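Reading the structure
Here's the letter readout for the chains.
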Amino acid sequence: MKLDTRALRYLTTEDWRVLAAVEQGSKNHEVVPTPLIAQLSGMRGGNNVHKNISTLAKDGLIAKVKNARYDGYRLTYGGLDYLALNTHRKGDTIFSLGNQIGVGKESDIYVCASPSSRQLVLKLHRLGRISFRTVKANRDYLRNRNAGSWMYLSRLAAQKEHAFMKVLHREGFPVPEPVAWSRHTVVMEFIDAFPLRMIDSVPDPGKLYAELMDMIVQLAQRGLIHGDFNEFNILIKEKGGSGGQREEETEEGSAFAKEATLTPILIDFPQTLSTNHTNAEFYFDRDVNCVKRYFERRLRYTSDEPGPFLKDAIKGIDNERRLDVEVEATGFSRKMAKELDRFVEPVSNEVEGAEAVPADEDDLEDEDEDEQEEAEIDIENVEGFEPERESREAGALEQPDDATASLEDLALDDDLAVKDPRLFADGLSALQMSQDATVVAQKVKTKKKAAGWAI
C-alpha cells in the first residue's frame, strides 16, 4: 500500500489513544472488539470512542471485517505506518516526508528529512505482500497460524535489520548508518549512489569483483552471511572522476568515468543469518554465485579463481569477535530469529526458480514450544461483549509486550515554534500535527461506501 500522510495532521490526542489501543488489542485478536478498544484506550464515554473509531476507519487506519461474529476492528498497515511515524516525530527523528524512491518485494522506501534538514531514508517493511506466496508455495510453516502475524513479522524484520546495521556500521563495514527504529520501520542514512543492477560498465570490473568477494568473506569471518547478496542490494558510490559526473548515461544503465573510484555499499539485512545456521553453506554459495553470474552476464567478466568457499572463510574464526552472537545479546533473541526464519524465505531476485532449502527438523519441532502467550486482558470480563468461542483464537498477532507504546506516552507535545521554511525544499512536505488537542478531525474525502468500511 502507498503511504498517505494527509490525514496525519488532523488526528487528535484521543484518536491516537484509540489507534494505540487497537494495536495493543491486536496482540491477542485479529479483530479487536469495540468494548475492548474502549477499555484499553482508557477514555470515558462510549460515544467519544465510537466517534474516534469512525474517524480512524474513514482514514483507513483501522478496518471492519466482513461477516465478523462480533463488532470489532482490525489494524491496517496504514494505521501501523501512522503509529511508527508518530513515534519518529516525537523522537525528533523525522520532520518531513518526501517521495517514494524504491519498492522492494517486502518493503517500501521513502526519502525524508530530520529537523536539522538532514536527508534520511525511511524503510517500511511489508512482509506478506509477496513473500506470503513464496512461503505458502515452498514451506508449510504456517500450520495452524494465519496471515494475521505478518505485521509482527514485519516488526521482527525491521528490528533485525536495524540490529545488524548498527553493529556492521560500528565495525567499519560499508553499510548505511542506522538512525532509528520503530515497529516495522527503519530510518537510515541517505546515500547518493546507484544500484549495481543499473550499471553496465565500470573502469575495472576485476577490482570491483574482488572487493565484493572480499566483503562476503569478511562477513563470514565475523560470523554473518548476508543471504541476499546480489546486484539489487549493492549500491555503487562514485568518488572522483570528471567532477563526480558519469561518463555516459543510457536507459539500460550507467557507465562511470575511467578515473572514478567506486565504493560498494551493502544494504538490506532482514535475511542475514549466522554461519552456524543449518543451511549456511547453501546461502554463502548462493551469494557468491549471484555476484559471479551478474559479472559474467552484464559486465562480461569471468574470474579464473574458484570460490570463495565457506569452510575456507571461517577457518580460524575468532569467537570473541562474532557479530551474530553480539546481535543476539543486544535484544534480537534466537527465538525471534526462529520466528522470522520460519515464515520468511530469503529468496534472491536472481534465483526465484531455485529449489527451496529443506527446513531444519529441530526448528520445526520447537514450534510447539513457542506458542502464543496468554491474553493479558480477559475479554469475557468486558461489559457488553459476548463473542463466540471460535472467534477468541482467530489470528492472534504475536507481538511481545514491549512492541506497543504505553498509553501514558500518547500525549502530543508539539513544538509551537515556527518551522524554518527552508526545511520544505526539495519536494519535502512537513508532517504537520494538530496544535490544539481539542480540535475536531476534519473529514477526508473517500471513495468508500457510506454503509461502512468493510474489507
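Counting of residues starts from 1 at the beginning of each chain's written sequence and follows it residue by residue. Per-residue local features are limited, in this predicted model, to residues with pLDDT of at least 70; the limit for side-chain atom pairs, both in listing and counting, is 80 or more; totals at the level of whole chains, interfaces and linings are taken over all residues. Excluding hydrogens and water, the side-chain values take into account all heavy atoms of the structure.

**Some thoughts on the packing of helix α7 (residues 205-221) against helix α8 (residues 280-297)**
How we decide: For helices, the axis comes from a line fit to the C-alpha atoms of the stretch in contact; other axes are also lines fit to C-alpha atoms, and the angle between any two N-to-C directions lies between 0 and 180 degrees. The helix count covers DSSP runs of H or I at least four residues long, the strand count covers runs of E at least two residues long, and both are numbered beginning at the N terminus. In this scheme, roughly parallel covers angles under 35 degrees and roughly antiparallel covers those over 145, while 65 to 115 is roughly perpendicular and the rest are oblique. Any pair of residues with heavy atoms lying within 4.5 Å of one another is described as a contacting pair.
Running from amino to carboxyl end, α7 crosses α8 at an angle of 170°, the nearest separation of the two axes being 11 Å. In this view, α7 runs roughly antiparallel relative to α8, as classed from their interaxial angle. Within the contact between the two elements, α7 uses Pro205, Leu208, Tyr209, Leu212, Met213, Ile216 and Ala220 and α8 uses Phe284, Asp287, Val288, Val291, Lys292 and Phe295.

**Overview of the packing of aromatic side chains**
The condition that has to hold: Ring geometry is summarised as follows: Phe, Tyr and Trp rings, the Trp one being its six-membered ring, pair when their centres sit within 6.5 Å, and such pairs are stacked at plane angles under 30 degrees, edge-to-face over 60 and tilted between the two. Exposed residues in this analysis have more than 50% of their type's maximum accessible area, buried residues have under 20%, and partly exposed residues fall in between, with area computed by a 1.4 Å probe over protein chains only. A ring is scored as having a charge over it whenever the NZ atom of a lysine or the CZ atom of an arginine sits within 6 Å of its centre and within 35 degrees of its normal.
If you walk through the whole model with that rule in mind, you get five aromatic pairs. With centroids separated by 5.5 Å and ring planes inclined at 55°, the aromatic side chains of Tyr209 and Tyr301 adopt a geometry described as tilted. Note that Tyr209 is positioned in helix α7 and Tyr301 in the loop between α8 and α9 (310-313), a separation of 92 residues in sequence. Judged by centre distance (6.3 Å) and plane angle (70°), the ring pair of Phe295 and Tyr301 falls under edge-to-face. Classification of Phe295 by relative accessible area gives buried; the value is 0%. The rings of Tyr209, Tyr294, Phe295 and Tyr301 are connected pair by pair, giving a single aromatic cluster. Here the guanidinium or amino end of Lys64 rests over the ring plane of Tyr73, the centre of that ring lying 4.5 Å away.

**Concerning the packing of helix α1 (residues 13-25) against helix α2 (residues 34-41)**
The geometry of a pair of packed helices is captured by two quantities: the angle between their axes and the separation between those axes. Rules: It is the rotation of the near helix from the far one that decides the hand of a crossing: anticlockwise by less than a right angle makes it left-handed, clockwise makes it right-handed. Lys, Arg, Asp and Glu make up the charged group, whereas Ala, Val, Leu, Ile, Met, Phe, Trp, Tyr, Cys and Pro make up the nonpolar group; the residues left over, Gly among them, are polar.
For the pair α1 and α2, interaxial distance at closest approach is 8 Å and the crossing angle is 115°. Like other packed secondary-structure pairs, α1 and α2 cross with a definite hand, here right-handed. Contact with α1, carried on its side by Arg17, Val18, Ala21, Val22, Gln24 and Gly25, involves Ile37, Leu40 and Ser41 of α2 and no other residues of that element. Among the residues making up the contact of α1 with α2, the classes are represented as five nonpolar, three polar and one charged.

**Topic: the side chain of His29**
Note the following rule: For the purposes of these results, a polar contact is taken to be a pair of N or O atoms within 3.5 Å, where, inside protein, one atom must be able to donate a hydrogen and its partner to accept one; residues adjacent in sequence count only when each atom of the pair is a side-chain atom.
By secondary structure assignment, the location of His29 is in the loop between α1 and β1 (32-33). A polar atom in the side chain of His29 sits 3.1 Å from the backbone oxygen of Gly25.

**Describing the confidence of the model for the protein**
The line we're drawing: Confidence of the predictor at the level of single residues is captured by pLDDT, which takes values from 0 to 100.
Mean pLDDT over the protein stands at 75; residues scoring 70 or higher make up 63%. For residues 421-425, every residue scores under 50 in pLDDT, and the model assigns this stretch 10 contacts once sequence neighbours within four places are set aside. pLDDT under 50 marks residues 439-444. Its contacts with residues more than four places away, or in other chains, come to 12 contacts.

**A closer look at the pattern of salt bridges**
Defined as follows: When a carboxyl oxygen of Asp or Glu is within 4 Å of a side-chain nitrogen of Lys or Arg, the pair counts as a salt bridge.
Applying the stated rule across the entire model yields 14 salt bridges. Asp108 serves as the salt-bridge partner of Arg126, at 2.8 Å between the closest nitrogen and oxygen. Of this pair, Arg126 sits in the loop between β6 (119-125) and α5 (131-138) while Asp108 sits in strand β5 (residues 107-113); the two residues are 18 residues apart in sequence, bridging distant segments of the chain. Grouping residues by exposure puts Arg126 and Asp108 together as buried. Bridged by salt links that share partners, the residues Arg170, Glu171, Arg222 and Glu326 form one connected network.

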